[in-house]
Amino acid sequence: MSTKKMHANEVSTDVSLVRRLLTSQFPQWANLPIKPIPSAGTDNAIFRLGHDMSVRLPRIDWAEAQVDKEHEWMPRLAPHLPLAIPLPLAQGKPDEKYPYRWSVYRWLNGKNASIYQLVDPCQTATELAQFITALQQIDTTGGLIAAEHNLRDVKC
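Note that the structure is a prediction, hence the values are computed from the model and not measured. Every residue gets a number counted from 1 within its own chain, in the order that chain's sequence is written. Per-residue local features are limited, in this predicted model, to residues with pLDDT of at least 70; the limit for side-chain atom pairs, both in listing and counting, is 80 or more; totals at the level of whole chains, interfaces and linings are taken over all residues. Side-chain numbers come from the whole structure's heavy atoms, not from hydrogens or water.

1. Focus: the overall build of the chain
Heads up, the condition is: The secondary structure listing takes helices from DSSP runs of H or I that are at least 4 residues long and strands from runs of E that are at least 2 residues long, numbered from the N terminus. Here the radius of gyration uses the C-alpha set of atoms, whereas the globule reference equals 2.2 Å times the residue count to the power 0.38.
Within the chain one finds 3 helices and 7 strands. Going residue by residue from the N terminus, the α and β elements of the chain occur as α-β-β-β-α-β-β-α-β-β. Radius of gyration (C-alpha) of the chain: 17 Å, near the 15 Å computed for a compact globule of 156 residues. Overall size of the chain, expressed as C-alpha extent along the three principal axes, is 45 × 40 × 35 Å.

Here it is, written out as structure tokens:
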């Protein structure tokens with residue numbers, strides 16, 4: 001089963017690609033179940049790996065720059081935040097059939113937020129505000145400024 005293409009020039013991704021990349025680069029995870037995850041995101045294809053991991057494959061060239069940023073910053077941000085964020089476990093390399101760096105992450109259980117699924121929308125809003133406040137208080141000196149499609153990196 002292929003994931004639906006969202007860009008004219010995006011690379012094809014599917015379960016067999018994920019399995020092949022894992023087999024060659026992270027064989028300890030190669031026999032775990034792999035399942036495509038529907039996503040509204042346009043930069044990465046996401047696959048569930050076993051029960052507690054995910055694989056993110058950039059769909060398009062501009063998304064590859066996010067891989068290094070996430071591997072550097074997610075572990076640095078996590079201890080300062082009141083809610084869990086996905087943490088990178090491994091970084092894969094391009095190969096002859098897949099041109100980008102890619103990642104294996106810790107899986108976070110949950111569902112996409114929808115006002116209809118929230119038990120207590122006010123509590124959720126409070127937790128989100130606390131998360132944003134904590135995020136804004138983290139010292140990011142020397143970090144990269146987010147740029148359109150991550151095409152350029154500007155130091156703070």
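2. Examining the sheet that holds strand E4 (residues 88-92)
The cut-off we apply is this: At least two bridges found by DSSP between two strands are what make those strands a pair. Structural elements are reduced to axes, namely lines fitted to C-alpha atoms, with helices fitted over the stretch in contact, and the angle between N-to-C directions of any two is expressed from 0 to 180 degrees. Whether two residues are in contact is decided by their heavy atoms: any pair within 4.5 Å suffices.
Strands sit in the order E1-E2-E3-E5-E4 across an open sheet of 5 strands; the sheet is antiparallel. A single partner strand is all that each edge strand has here, and the edge strands are strand E1 (34-37) and E4. Put simply, the sheet's adjacent strands are angled 25° from each other on average, direction ignored. By the bridge criterion, 4 bridges tie E1 to strand E2 (residues 44-49) in an arrangement that is antiparallel. The residue bridging Ile-37 from the neighbouring strand is Ile-46, located in E2. Along the sheet, helix H1 (residues 15-25) makes contact with E1, E2, strand E3 (53-58), E4 and strand E5 (102-106), crossing E1 at roughly 130°. Along the sheet face, helix H2 (residues 64-77) touches E2, E3, E4 and E5 and points at about 150° away from the line of E4.

3. Some details on H2
For clarity, the threshold we go by: By definition here, a helix of n residues has an expected span of 1.5 Å times n minus one. Take the seven residues that end at a residue and the seven that start at it, fit an axis to each, and the angle between those axes is the bend at that residue. Buried, partly exposed and exposed residues are distinguished by accessible area as a fraction of the type maximum, computed with a 1.4 Å probe on protein chains only: under 20%, between the cut-offs, and over 50%, respectively.
If you check H2, its first and last C-alpha atoms are 20 Å apart, about what 14 residues at 1.5 Å a residue would give, namely 20 Å. Along H2, the largest kink reaches about 35° and is centred on Glu-70. By the burial criterion, the buried members of H2 are Glu-64, Gln-66, Val-67, Lys-69, Glu-70, His-71, Trp-73, Met-74 and Leu-77. Looking at the buried side of H2, the elements it contacts are E2, E3, E4, E5, helix H3 (121-136) and strand E6 (144-145).

4. Side note on the packing of aromatic side chains
Threshold: We call Phe, Tyr and Trp rings a pair once their centres come within 6.5 Å, taking the six-membered ring for Trp, and we label the pair stacked below 30 degrees between planes, edge-to-face above 60, and tilted otherwise. Here, over-ring charges are defined by two tests on the NZ atom of lysine or the CZ atom of arginine: distance to the ring centre within 6 Å, and angle to the ring normal within 35 degrees.
Per the counting criterion, the structure on display carries 3 aromatic pairs. Their ring planes at 35° and their centres at 5.6 Å tell us that Phe-26 and Trp-29 sit as a pair that is tilted. Using a relative accessible area of 13% as the deciding quantity, one classes Phe-26 as buried. According to the relative accessible area criterion, Trp-29 is buried, its value standing at 16%. Consider the rings of Phe-26 and Trp-102, whose centres lie 5.6 Å apart with planes at 80°: the pair is edge-to-face. Of this pair, Phe-26 sits in the loop between H1 and E1 while Trp-102 sits in strand E5, placing them 76 residues apart in sequence. Among the aromatic residues, ring-to-ring pairing joins Phe-26, Trp-29 and Trp-102 into one connected group. Between the NZ or CZ atom of Arg-76 and the centre of the ring of Trp-73, over which it lies, the distance is 4.0 Å.

5. Observations regarding the pattern of salt bridges
Definition in use: Here, a salt bridge means any Lys or Arg side-chain nitrogen found within 4 Å of an Asp or Glu carboxyl oxygen.
Taken as a whole, this structure holds 7 salt bridges when the rule is applied. Notably, a salt bridge pairs Arg-101 with Glu-64, separated by 3.0 Å at the nearest N-O pair. You can see Arg-101 sitting in the loop between E4 and E5 and its partner Glu-64 sitting in helix H2, a full 37 residues away along the chain. By relative accessible area, Arg-101 is classed as partly exposed at 24%. Residue Arg-101 pairs with Asp-68 through a salt bridge whose shortest N-O separation is 2.8 Å. A residue pair is termed long-range when its members are at least 10 positions apart, and Arg-101 in the loop between E4 and E5 and Asp-68 in helix H2 qualify at 33 residues. On the basis of relative accessible area, Asp-68 is assigned to the partly exposed category, the value being 38%.

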